[in-house]
Amino acid sequence: MMDMSFYKDKKVLITGHTGFKGSWMCVSLVMAGADVIGYSLEPPTDPSLFKIANIEEKITSIIGDVRDLEHLTRVFEQYQPEIVIHLAAQPLVRTSYEEPVLTYETNVMGTVNLCECVRKFSCVRSFLNVTTDKVYENKEWEWGYRENEPLDGYDPYSNSKSCSELVTHSYKNSFFTDGRVAVSTARAGNVIGGGDFARDRIVPDCVRAAKEKREILVRNPFSTRPYQHVLEPVMAYLLIVREQYSDLRKQGYYNVGPDESDCVTTGDLVDAFVQAYGEGLSWKNEYDGGPHEANFLKLDCSKLKRVFGWKPVWNVATALEKTVEWTKGYFAGEDMYERMEMQIQEYLQGVQ
């Protein structure tokens, strides 16, 4: 299912490469022999996985803003990418309430600018825009959302990603019907894994508490989310990109999420982290009201499974074990690029 040899010597441009998911994407592609060009702002956190693992030494890393069409155009002109994977975003719900204009500028106009570059440069053969499970109009129902459900994210982040989907659909229908480039969007749920230091995310909060040897404060322990290791969507994205590259019938809109058994409450997730980490770690319910966030949200991923034969490799328990393993290695001063390579190899062996 996951033939990484396809990427050998392919020119792949990744926006948002300095982020958490982008860093794992870069290492996976470098291991496959790809020529990786990253375009992003400086790493969004300090510390950052991108810096910790010295990923900049392995790729062509360009610091730039997706809102800057002129700069983005120059990058396309210079590097002539065959494959474009769009990860760049303002990805946090709470930040979107604090800075809605920045959120819409980045997530909507950033997508417009990237689509415009894909339109202008015939070198691009396969384009994937990565959005979120939060693009759907959330009705708090018990079953998973399918790709044909209405798009209407509630908060500025979720709504801006809904708009990003619509922008991509419009460009696809208006400019890419000649078959020159395959275009898909992928809607993924919450990811966990080693090296995530973002604010307002539960596993990074656990990691910070573990480092500081203090109690974990949990903001909303009763919300239910689909959790998956970061390598699950990363490999699903690479699968979509590879397959649609040679078969336009595979382009489309795809949900990427875990099996239903891995939709768990935040409290249960923290319990599992505490058990995996040990060392007397504990947590406390600190529900603070906060801005609106969906209480229940999961995806129906049957389309991805049917079209590509895809299935998750690591369940949520294994994902947490790998996260704790990475975290303890980081605290011990290990070479974290090597640790990432080891975990990617373990994941790919599981695919076989």
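Everything here concerns the structure above.
Residues numbered from 1 in each chain as written. Predicted model: local features only at pLDDT ≥ 70, side-chain atom pairs only at ≥ 80, totals over all residues. Heavy atoms only, no water.

Participant: Help me get a handle on the packing of helix α7 (residues 202-212) against helix α9 (residues 266-277), residues and values and all.
Facilitator: Taken N-terminus to C-terminus, the directions of α7 and α9 make an angle of 35°; their axes are 11 Å apart at the nearest point. By crossing handedness, the relation of α7 to α9 is classed as right-handed. Note on element contacts: α9 touches α7 through T266, L269, V270, F273 and Y277, opposite I202, V203, C206, V207 and A210. Per-class residue counts for the contact of α7 with α9 are nine nonpolar, one polar and no charged. (Axes fitted to C-alpha atoms, helices over the stretch in contact; angles between N-to-C directions. Helix = DSSP H or I, 4+ residues; strand = E, 2+ residues; numbered from the N terminus. Left-handed = near helix turned anticlockwise from the far one by under 90°. Contact = heavy atoms within 4.5 Å. Nonpolar A, V, L, I, M, F, W, Y, C, P; charged D, E, K, R; others polar.)

Participant: Summarise α9; cite the residues concerned and give the values.
Facilitator: Taking 1.5 Å per residue as the helical rise, α9 with its twelve residues ought to reach 16 Å, and the 16 Å between its terminal C-alpha atoms agrees with that figure. Within α9, the full set of buried residues consists of T266, G267, L269, V270, F273, V274 and Y277. Relative to the axis of α9, the buried residues are bounded by an arc of 160° and lie together on one face. (Expected span 1.5 Å × (residues − 1). Buried < 20%, exposed > 50% of the residue type's maximum accessible area, 1.4 Å probe, protein only. Arc of directions from axis to C-beta.)

Participant: How would you sum up empty space enclosed by the protein? Please name residues and give values.
Facilitator: If you walk through the whole model with that rule in mind, you get two cavities of 30 Å³ or more. In this structure, the second largest cavity occupies an estimated 30 Å³ of space. Forming the boundary of the second largest cavity are G193, G195, D196, F197, V203, V207, W326 and T327. Put simply, the parts of the chain that give the lining of the second largest cavity at least two residues each are α7 and α11 (316-331). Here the residues of the lining of the second largest cavity are counted per class, giving four nonpolar, three polar and one charged. (1 Å grid on protein atoms, 1.4 Å probe; cavity = no way out; pocket = protein on both sides within 12 Å on 5 of 7 lines; lining within 4 Å. Points joined across faces, edges and corners; volume = space filled by probe spheres on them.)

Participant: Tell me about the pairing of strand β1 (residues 11-15), residues and numbers included.
Facilitator: Judged by how many residues are buried, β1 sits mostly within the fold: four of five residues are covered. The pairing of β1 with strand β2 (residues 35-40) spans five bridges and is classified as parallel. Each residue of the ladder has a partner; that of I14, found in β2, is G38. This β-α-β element, β1 to helix α1 (residues 20-31) to β2, shows right-handed connectivity. As paired elements, β1 and strand β4 (residues 83-86) share four bridges and run parallel to each other. Across the sheet, residue L13 finds its bridge partner in β4, namely V84. (Pairing = 2+ DSSP bridges. Right-handed = clockwise from strand over helix to strand, strands pointing away.)

Participant: Could you give an account of the pattern of salt bridges, naming the residues involved and the relevant values?
Facilitator: Within this structure, the stated rule accounts for 23 salt bridges. Where E165 meets R187, a salt bridge forms, and the shortest distance between an N and an O atom there is 2.7 Å. Here E165, found in helix α6 (residues 156-175), pairs with R187, found in strand β6 (residues 182-188); they are 22 residues apart in sequence, far enough to count as distant. In this structure, E165 and R187 share a single accessibility class: buried. Two residues, E279 and K328, come together in a salt bridge whose shortest N-O distance is 3.3 Å. Of the two residues, E279 is situated in the loop between α9 and β12 (283-285) and K328 in helix α11; the sequence distance between them amounts to 49 residues. A residue is classified by how much of its surface remains accessible, and E279, at 59% relative accessible area, is exposed. Bridged by salt links that share partners, the residues E98, R199, D200 and R219 form one connected network. (Salt bridge = Lys/Arg side-chain N within 4 Å of Asp/Glu carboxyl O.)

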